[in-house]
Structure formats: C-alpha cells, structure tokens
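Fold and geometry: a report
Read off the chains here:
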Amino acid sequence: MPDAPNGGTQRPHVIVWTLLLTGFATFMASLDNLVVTTALPIIREDLGGDLAALEWIVNGYTLPFACLLLFASALGDRYGRRLVFGAGIALFTLASAGAAMAGSTDALIAARAVQGAAAAALIPLSLTLISAVVPPERRGAAFGVWGAVNGLAVAAGPLVGGAVTEHLSWHWIFWLNIPIGLLVLPLVFRRLPESRGPVKRLDVTGTVLASAGLLGVVLSIVRGHEHGWTTGPVLAGFALGAVLLYAFVRWELRTPEPLLPMGFFRSRTFTAINITSLLMYAGMFGSIFLLTQFLQLIMGYSPMEAGVRMLPWTAMPMIVAPIAGAFTDRVGGRPIVASGLVLMAVGMGWFALYADPGVSYGGMVPAFVLCGIGMAMFFAPSGAIAMGAVPEGRQGVASGVNNSAREVGGALGVAVLASVFAARGGYGSAQAFTDGLVPALWLAVGLLLVAAAVIALLPERRAPKAPRPAAPGPAGPTDPTPDPRPADRVPA
C-alpha cells in the first residue's frame with residue numbers, strides 16, 4: 001500500500017482499520033502495564049520476593065518503556081511507522097511467552113523488561129499512525145477513541161489480572177497476549193498505510209544520550225526506595241542521568257537533524273501537557289499499586305473479587321473518553337484535562353479519608369467512579385493537545401516525548417508512594433498497611449492538584465480573527481482565510 005501523506009485524508013475504511021488495529025495493540029501494551037498488580041500477592045507466594053521485588057515486576061516494564069520511547073518514535077519516522085509498529089507487536093508477543101514461562105522472579109522481571117521495550121514502539125506510534133490517516137479537524141474524536149482504549153486498558157488491568165489469576169493462574173495473564181499478537185500482526189501489514197516523518201537521517205548520538213540519560217534517572221527513581229534516596233549509587237545515577245540529558249540538549253541545539261527539536265518547548269502548551277502527564281501518572285500509578293493490594297490484603301477480597309470491585313473505575317473510560325474526545329474538537333482540551341485531574345484528586349482524597357481496616361466497599365464506590373471519569377477526561381484530549389502543538393510530520397517525536405513523561409511519572413509515583421507507605425506503615429498488620437496507605441494517597445492528591453493547576457493556568461491562546469473582507473482593489477480581493485494552525489503551535 002502506498003505511503004499516506006501526513007495529515008492527509010484517507011478513505012473511511014482505512015481510518016476504521018487504523019483505529020481498530022492500533023486499538024488492539026495499544027490495549028495489549030497498556031493492559032500489561034498494570035495487569036500484574038492484582039496478581040502480585042499470588043506471584044509473591046509462588047515465586048517469593050519482598051516489596052522491592054514486587055516493585056521491580058511493575059517497574060521492570062516501565063524502565064525500558066520510558067527510556068526507549070524517543071528511540072522507537074525516531075525509528076518509525078525514519079524507517080516507517082507501520083514497519084516499526086509491526087516489529088513491536090512481534091517482540092511483545094515473544095516477550096509475553098517468556099513471561100508466561102518464567103520460573104523465578106528474576107526471569108519474570110527480565111521478560112517484563114523486553115515487553116516494555118516492545119511497548120515503546122506500540123504506544124507512541126499508534127498515535128502517529130492515526131494522525132497520518134485522520135484529518136486534523138477530526139483528530140480530537142479519533143484520539144478520544146484511542147484514549148478510551150488506553151484508559152480502559154489501564155483501569156481494566158487489575159480486573160483482568162484478578163480474574164485470570166483466580167480462575168487459571170498468573171501465567172495466563174501473559175499467555176493471553178499470544179493469540180492477540182498473532183491475529184493483529186499480519187493485519188497491520190495488510191491494512192495499515194505506511195507513513196514516515198520528514199527526518200532523513202537517524203540522530204544516533206542524540207538517541208544514545210537521551211536513552212542513557214533517561215535510564216540513569218528512571219533507574220535511580222525505581223531503586224530509591226529499595227536502597228535509600230541518599231545512597232551513593234542512587235545519587236550517582238541521578239547525577240549521571242542529569243549530565244547525559246544536559247549533553248543531549250546541547251547536542252540537539254547543534255545538530256541539523258535533531259531527534260527532539262528543542263524548539264518544541266517554546267510552545268507553552270507542549271511543555272505544560274508534558275509536565276501535567278508526568279504528575280498525573282505519578283499520582284495514578286502509585287495509588288493503583290497500593291489500592292489493589294489494599295482490596296486483597298486488608299479487605300480480604302480474592303484477586304477476582306478485587307478486580308470486579310474496581311469496575312466502577314474500569315467502566316468509566318469506555319463511556320466518558322469518546323465524549324471528551326468529541327468535545328475536544330469543539331472547546332479545546334485544556335478545560336477537559338484540568339477538570340478530569342480535579343475529579344481524580346477528589347476521588348483519591350475520598351480514598352484517603354475512608355481508608356480504614358474496617359471500611360466497607362460501598363463507601364469507596366464514589367471514589368472509584370470519580371477516578372474513572374477523571375482518568376477518561378485526561379486520556380482523551382491529552383494526546384490531541386501534545387500532537388497539535390508541533391508541526392505536521394513531527395507527531396511521532398511529540399508522542400514519544402509525551403509518553404516518556406508519562407512513564408517516568410509512573411515509575412516515580414510507584415517508587416515515591418511506596419517509600420511513603422514503607423516509612424509510615426508496612427505489611428505487618430491491617431492497621432500498619434492503612435497507616436502507610438493514607439499519607440501515600442494524600443501525596444497522590446497533591447500531585448494531581450499540581451497537575452491540574454499547571455494545565456488550568458495555561459493562557460488560552462486563540463488564533464487571530466480573520467480580517468474583514470476589503471473592497472477589491474487593483475491586486476484583487478483580500479483573502480479572509482485565517483491561519484489554520486493552532487496559535488501555540490511550534491512553526492515548522
């Protein structure tokens with residue numbers, strides 16, 4: 001199939017196939033980000049391991065995912081997004097088989113790391129494949145569908161993990177990816193048009209500096225709780241990562257074909273949505289990591305029962321995200337994202353106020369609903385905001401940056417909230433668990449409110465109004481057509 005022009009309009013069936021196939025792959029990758037959370041107590045019994053090992057089962061996926069997003073996006077822009085996307089599906093499927101057959105915690109963490117590396121090609125390139133076939137005026141609705149799938153996968157992870165763990169075994173969490181991958185992979189190459197970015201040469205130096213710098217920072221984040229935030233190895237990782245990222249910025253300012261044009265950050269919209277994404281994921285991932293264990297260890301639910309009781313959270317993205325995406329095309333994404341973050345903060349605050357060893361499930365339902373609605377309102381417009389702030393053809397890089405911010409935030413949230421939990425409580429008793437959970441949840445509330453403030457305080461910048469038609473003169477009639485580009489978009 002011939003290359004699709006970036007931003008061009010494709011026939012409706014091409015758009016439908018693109019949304020369907022990218023949705024399946026995105027669901028598979030996003031689901032595995034959190035699918036193990038409700039299975040962690042069972043995995044702990046089966047394979048052994050302490051709190052640090054449980055964190056690594058989650059963060060083993062997050063670490064390579066966060067570090068390789070920019071690299072995968074650049075590969076897609078250079079060699080073809082469909083090609084790299086398909087390779088990511090193949091690798092993810094193989095890694096899932098490795099995770100299913102893992103006989104030790106170390107083997108499971110290693111397979112999760114390969115899954116994370118493969119997912120780095122799936123999540124950002126799904127957005128650029130959509131952008132290549134959907135016209136700009138309809139992308140908000142298309143990203144709303146993408147956001148619904150992504151939000152559903154994140155929220156459904158605990159449910160799917162609990163159901164499969166209870167009725168089969170935790171190994172089947174990963175076996176289920178195999179038929180999905182085998183079904184989707186051939187269809188990707190048959191039904192999706194190929195598209196590329198404008199960059200003709202891969203920025204190898206920038207890629208190495210960015211990936212190594214992110215590795216140093218994220219690795220220190222996930223090891224901070226285990227080894228101590230002020231220990232030599234952790235501080236050295238932060239320092240080395242910061243130096244490498246500084247070198248990356250300097251290199252990108254000098255090279256003629258940068259991996260990440262630094263001019264993107266002249267857009268206040270682009271900068272704000274990435275800060276917001278980092279803070280939102282920190283609050284959400286850290287909270288889910290602890291809440292799914294609270295439902296099982298303290299409230300006494302089985303993995304399946306815990307997943308079912310998160311349905312009020314799980315169901316909301318299916319209903320709300322497409323609506324929020326459609327409204328993004330009309331009113332813009334900023335107020336929708338800000339409102340969603342405030343709703344999530346209220347929901348987390350509700351959890352913190354009601355958390356108690358004797359709490360009833362009914363008292364937690366409103367919090368689940370608020371968090372689900374808020375998460376859907378964030379997922380739907382945030383992709384459109386990030387992609388709309390950069391020139392056509394550079395959406396792959398914008399998507400990579402935004403998803404990197406999300407994954408760094410997720411790793412930071414799990415590490416920091418787990419540190420607060422361990423400092424104030426622990427697994428010793430129901431009361432000890434609750435004593436650690438409550439301050440961790442209040443920290444999540446603070447992160448979500450700061451994220452809401454960052455995006456809400458962003459000035460609303462509108463394109464200038466079209467001039468009034470003037471009387472025809474010698475040079476002909478004045479063209480009243482306004483510039484169609486977003487006002488805060490980085491010029492090409």
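Given the structure is predicted, the values throughout are model-derived calculations rather than measurements. (Residues numbered from 1 in each chain as written. Predicted model: local features only at pLDDT ≥ 70, side-chain atom pairs only at ≥ 80, totals over all residues. Heavy atoms only, no water.)

1. Comments concerning the overall build of the chain
Short version of the rule: Where helices and strands are cited, they refer to DSSP runs of H or I of at least four residues and of E of at least two residues respectively, numbered from the N terminus. A 1.4 Å probe rolled over the protein chains alone gives each residue an accessible area, and that area as a share of the maximum for its type sets the label: buried under 20%, exposed over 50%, partly exposed in between. Should any heavy atoms of two residues lie within 4.5 Å, those residues are counted as being in contact. Surface accessibility follows the Shrake-Rupley procedure with a 1.4 Å probe radius. Residue values consider only the protein chains on display as shielding.
Regarding its fold elements, the chain presents 18 helices and zero strands. With 492 residues in all, the chain has 58% of them scored as buried. The contacts of the chain with a sequence gap of at least 6 include a subset with a gap of at least 24, amounting to 85%. Of the roughly 18600 Å² of accessible surface on the chain, a fraction of 67% belongs to carbon and sulfur atoms.

2. Things to note about the packing of helix α15 (residues 334–354) against helix α18 (residues 430–456)
The criterion, for reference: Axis lines are fitted through C-alpha atoms, for helices just across the contact stretch, and the angle between N-to-C directions can take any value from 0 to 180 degrees. In these notes the angle categories are as follows: under 35 degrees is roughly parallel, over 145 is roughly antiparallel, 65 to 115 is roughly perpendicular, and the rest is oblique. Note on convention: the crossing is left-handed when the near helix lies turned anticlockwise from the far helix by less than a right angle, right-handed when the turn is clockwise. Amino acids outside the nonpolar list (Ala, Val, Leu, Ile, Met, Phe, Trp, Tyr, Cys, Pro) and the charged list (Asp, Glu, Lys, Arg) are all regarded as polar, and Gly is one of them.
At a closest axis distance of 8 Å, the pairing of α15 and α18 adopts a crossing angle of 165°. Judged by the inter-axis angle, α15 sits roughly antiparallel to α18. The crossing of α15 and α18 is left-handed. Seen from α15, the contacting residues are Arg 334, Val 337, Ala 338, Leu 341, Val 342, Met 344, Ala 345, Met 348, Gly 349, Phe 351, Ala 352 and Leu 353; seen from α18, they are Val 438, Leu 441, Trp 442, Val 445, Leu 448, Leu 449, Ala 451, Ala 452, Ile 455 and Ala 456. Classifying every residue of the contact of α15 with α18 gives 20 nonpolar, one polar and one charged.

3. As for a nonpolar patch on the surface
As a reminder of what qualifies: Patches were defined on residues exceeding 30% relative accessible area and lacking a salt bridge, with like-charge contacts within 9 Å and nonpolar side-chain contacts (Val, Leu, Ile, Met, Phe, Trp, Tyr) within 5 Å. Salt bridges are counted wherever a side-chain nitrogen of Lys or Arg sits within 4 Å of a carboxyl oxygen of Asp or Glu.
Side chains of Met 318, Ile 319, Ile 323 and Phe 327 sit close together on the surface and give an oily, nonpolar patch of about 410 Å² of accessible area. Inspection of the secondary structure puts Phe 327 in helix α14 (residues 316–331). Owing to a relative accessible area of 43%, Phe 327 belongs among the partly exposed residues under this scheme.

4. Notes on helix α10 (residues 232–254)
Rule in force here: Helices are assigned an expected span. That span is 1.5 Å times one less than the residue count.
The end-to-end C-alpha separation of α10 is 33 Å, in line with the 33 Å expected for 23 residues at 1.5 Å each. Considered for burial, the residues of α10 that qualify are Val 234, Gly 237, Gly 241, Leu 244, Phe 248 and Glu 252.

5. Focus on the packing of aromatic side chains
Formally: The rule is short: rings of Phe, Tyr and Trp, with Trp giving its six-membered ring, pair when the centres are within 6.5 Å, and they are stacked under 30 degrees, edge-to-face over 60, tilted in between. Look at NZ for Lys and CZ for Arg. If either is within 6 Å of the ring centre and within 35 degrees of the ring normal, a charge sits over the ring.
Evaluation of the coordinates by the stated rule reveals nine aromatic pairs. Note on Tyr 61 and Phe 65: the rings are 5.9 Å apart at their centroids and 85° apart in plane angle, and the pair reads as edge-to-face. With Tyr 61 and Phe 65 both in helix α3 (residues 51–79) and four residues apart, this pair spans about one turn of that helix. Here Tyr 61 and Phe 65 have matching classes, each one buried. Taking 4.8 Å as the distance between ring centres and 65° as the angle between the ring planes, the aromatic pair formed by Phe 421 and Phe 433 counts as edge-to-face. Residue Phe 421 is found in helix α17 (residues 395–424), and its partner Phe 433 is found in helix α18; the two are separated by 12 residues along the sequence. Comparing Phe 421 with Phe 433 shows no difference in burial state: the two are buried. Each residue in the set Phe 264, Phe 265 and Phe 270 is aromatic and connected to the rest through ring pairs, giving one cluster. Here the guanidinium or amino end of Arg 309 rests over the ring plane of Tyr 361, the centre of that ring lying 5.7 Å away.

6. Re the packing of helix α11 (residues 268–298) against α15
Remark: α11 packs on α15, axes separated minimally by 12 Å, with the N-to-C direction vectors making an angle of 25°. Here α11 lies roughly parallel to α15, going by the angle between them. You can see that α11 and α15 cross each other, and the crossing is left-handed. From α11, Thr 276, Met 280, Gly 283, Met 284, Ser 287 and Leu 291 reach across to α15, where they touch Val 337, Leu 341, Met 344, Met 348 and Phe 351.

7. Structural notes on the environment of Gly 263
Relative to the elements of secondary structure, Gly 263 occurs in the loop between α10 and α11. Classification of Gly 263 by relative accessible area gives buried; the value is 15%. Separated by 10 residues in the primary sequence, Gly 263 and Leu 253 place their C-alpha atoms 8.9 Å from one another.

8. Let's talk about the layout of surface pockets
Rolled over the atoms, a probe with the dimensions of a water molecule shows which regions are left empty. Applied cut-off: Only protein atoms enter the 1 Å grid used here, on which a cavity is any set of points holding a 1.4 Å probe that cannot leave and a pocket is any open set flanked by protein within 12 Å on both sides along at least five of seven lines; residues with an atom within 4 Å of a point are listed as lining. Grid points are joined across faces, edges and corners, and a volume is the space filled by probe spheres set on the points.
Its volume calculated, the second largest pocket comes out at about 380 Å³. What lines the second largest pocket is a set of 17 residues, among which Leu 214, Phe 265, Val 401, Ser 404 and Ala 405 lie closest to the centre. Those elements that provide at least two residues to the lining of the second largest pocket are α9 (204–227), α10, α11 and α17. A per-class count over the lining of the second largest pocket returns 14 nonpolar, three polar and no charged.

9. Section: the confidence of the model for the chain
Just so we agree on the cut-off: Scored between 0 and 100, pLDDT is the confidence that the predictor attaches to each residue.
Confidence in the prediction for the chain averages 78 pLDDT; 81% of positions are at 70 or higher. Across the chain, helix α4 (residues 81–100) holds the top mean pLDDT of 91, while helix α6 (residues 139–167) sits lowest at 70. Confidence drops under a pLDDT of 50 for residues 1–9, and excluding neighbours within four residues, the segment shows 36 contacts in the predicted structure. Note that residues 462–487 has pLDDT below 50 and, in this model, 13 contacts with residues that lie over four places away or in other chains.

10. Details of the environment of Ala 451
Structurally, Ala 451 can be placed in helix α18. Along the primary structure Ala 451 and Val 337 are separated by 114 residues, whereas in three dimensions their C-alpha atoms are 9.5 Å apart.

11. Details of the side chain of Thr 276
Along the chain, Thr 276 turns up in helix α11. On the basis of relative accessibility, which here comes to 0%, the residue Thr 276 falls in the buried class. Aside from chain neighbours lying at most four places away, what touches Thr 276 is Val 337, Leu 341, Phe 378, Ala 451, Val 454 and Ile 455.

12. Digging into α11
Taking 1.5 Å of rise per residue, the 31 residues of α11 would be expected to cover 45 Å, and the 44 Å separating its terminal C-alpha atoms lies within 8% of that figure. Of all 31 residues making up α11, 26 are buried, and the element is well covered by its neighbours.

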